[in-house]
Amino acid sequence: MVTVPELAEGDRLTVDGVDLRVRVSARRRRFALTIEPDATVTLHVPDGRPAPDAEEFVRAHRTWLVTKRAIRERTRPVNPAKRLVEGEVFRYLGRTYRLTVADDVPSAGRVRLVAGRLVMSRRAAADPARGREALVDWYSRVGYAWSVGRLQPWAARMSAAEPALEVRDLGGRWGTYEPGTGDRGVGLMCLGWPLFQLPMRLVDYVIAHELAHVRIPGHRGDFWRLLRRALPEYVACRAELDELGRRLWMGEIWWGG
């Protein structure tokens, strides 16, 4: 009798030309497939199941797999890398600004917006990590200053308490809201710094979205009804954010030496 080996965590499986990464779980009772953001495929496997069973499952769901993978390929992030060189293009609130690399930059080497140009010190431009840090700091500072002025009107429109605000790196998220505990009062809204490359209406959408969470946790029907009352065009904004957001600069620096 031939013993068929069981699939193990981390195995790779190829079924009809499709490469799959295997994840095994003792708590799982059925096979499942997920399409990852980079369009790779993960096969979730119950503990103790052999490869032939998994292959049969994948083949039975091939149409679903091919369709969903094609959608993911079309919508996968295509975030560009930036070069810290004279004339490189950066966006702020939907407008385009070119980078100027200067020898004399005051204010502790911080990036500044001067006469329609983003000005960075030559020292920062020569160091990818330092240059990225300076740009993220600039987006965080100007994004915070702009958002503070938008928060109160939106909070009033939505009859929501105004939370504390931070702008920082949130990974791939545009915004978060954490309810208040202890001395935090009404809570904390965080906005991701890349958000401020987008047009103002889309930043407003994210602010309104997170403010809705001040009143309603989760994304139930009453959450979307509140958001619709404050921002009737929220569906179009959400679709535009999905499309433009995957093309934004997320902080990668191209360094050619």
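This text goes with the structure placed above it.
To start, this report covers the structure provided alongside it. Values in this document were obtained by computation on a predicted structure and should not be read as measured data.

All chains considered together, the criterion is met by nine aromatic pairs. A ring pair is formed by Trp 193 and Trp 249, whose centres lie 5.3 Å apart and whose planes are at 65°; its orientation type is edge-to-face. Of this pair, Trp 193 sits in the loop between β11 (187-192) and α5 (200-215) while Trp 249 is found in the segment after α7 (234-245), placing the two residues 56 residues apart along the sequence. A residue is classified by how much of its surface remains accessible, and Trp 249, at 1% relative accessible area, is buried. Chaining the aromatic ring pairs together yields one cluster made of Phe 90, Tyr 92, Trp 138, Tyr 139, Trp 193 and Trp 249. The lysine or arginine in question, Lys 82, covers the ring of Phe 90, its NZ or CZ lying 5.3 Å from the ring centre.

Attention now goes to the pairing of strand β9 (residues 164-168). Every second residue of β9 is oriented toward a common face, the buried set being Leu 165 and Val 167 and the non-buried set Ala 164, Glu 166 and Arg 168. Of the strand pairs in this sheet, β9 and β11 are connected by five bridges, and their pairing is parallel. Within β11, the position partnered with Glu 166 by the bridge is Cys 190.

The next thing to look at is the environment of Arg 30. Along the chain, Arg 30 falls in the loop between β2 (18-25) and β3 (32-35). Apart from the residues within four sequence positions on either side, Arg 30 is in contact with His 44 and Pro 46.

In this section: the sheet that holds strand β10 (residues 175-179). With respect to topology, three strands assemble into an open sheet ordered β9-β11-β10, the strand pairing being mixed. Pairing within the sheet leaves two strands with one partner each, and these edge strands are β9 and β10. Taking the axes of each pair of neighbouring strands and ignoring which way they run, one obtains an average angle of 20° across the sheet. Along the sheet, helix α4 (residues 128-157) makes contact with β9 and β11, crossing β9 at roughly 150°. Its contacts with the sheet put α5 on β10 and β11, and the angle it makes with β10 is roughly 20°.

This next bit is on the sheet that holds strand β7 (residues 112-114). If you trace the four strands from one edge of the open sheet to the other, you get β5-β6-β8-β7, paired in mixed fashion. The strands lining the two open edges of the sheet, one partner per strand, are β5 (89-92) and β7. Going from strand to strand, the sheet's axes swing by 40° on average, the running direction of each strand aside. Pairing between β7 and strand β8 (residues 117-121): three bridges, direction antiparallel. Counted as the bridge partner of Arg 112 is Val 119 from β8. Of the strands in this sheet, β5, β7 and β8 touch α4, which is tilted by about 20° from β5.

Take Gln 197: it is sitting in the loop between β11 and α5. On the basis of relative accessibility, which here comes to 5%, the residue Gln 197 falls in the buried class. If we ignore the near neighbours within four places in the chain, the residues touching Gln 197 are Arg 91, Tyr 92, Leu 93, Gly 94, Tyr 139, Leu 248 and Trp 249.

Parameters and conventions
- Position labels on residues start from 1 in each chain and follow its written sequence.
- Local features in this predicted model are restricted to residues of pLDDT 70 or higher, and side-chain atom pairs are both shown and tallied only at a pLDDT of 80 or more, whereas totals for entire chains, interfaces and linings draw on every residue.
- Water and hydrogen atoms play no part in the side-chain values, which are based on all heavy atoms of the structure.
- What counts as a ring pair is set by centres within 6.5 Å for rings of Phe, Tyr and Trp (its six-membered ring), and what kind of pair is set by the plane angle: stacked under 30 degrees, edge-to-face over 60, tilted for all other angles.
- Numbering of helices and strands runs from the N terminus, with a helix taken as a DSSP run of H or I at least four residues long and a strand as a DSSP run of E at least two residues long.
- Buried residues are those whose accessible area, probed at 1.4 Å on protein chains only, stays under 20% of the maximum for their type, while exposed residues exceed 50% and partly exposed ones sit between those limits.
- Either the NZ atom of lysine or the CZ atom of arginine qualifies as a charge over a ring when it sits within 6 Å of the ring centre and within 35 degrees of the ring normal.
- A pair of strands counts as paired when DSSP detects no fewer than two bridges linking them.
- Whether two residues touch is decided by their heavy atoms; if any such pair falls within 4.5 Å, the residues are in contact.
- In this analysis, axes come from line fits to C-alpha atoms, helices being fitted only over the stretch in contact, and the angle between any two N-to-C directions falls in the range 0 to 180 degrees.

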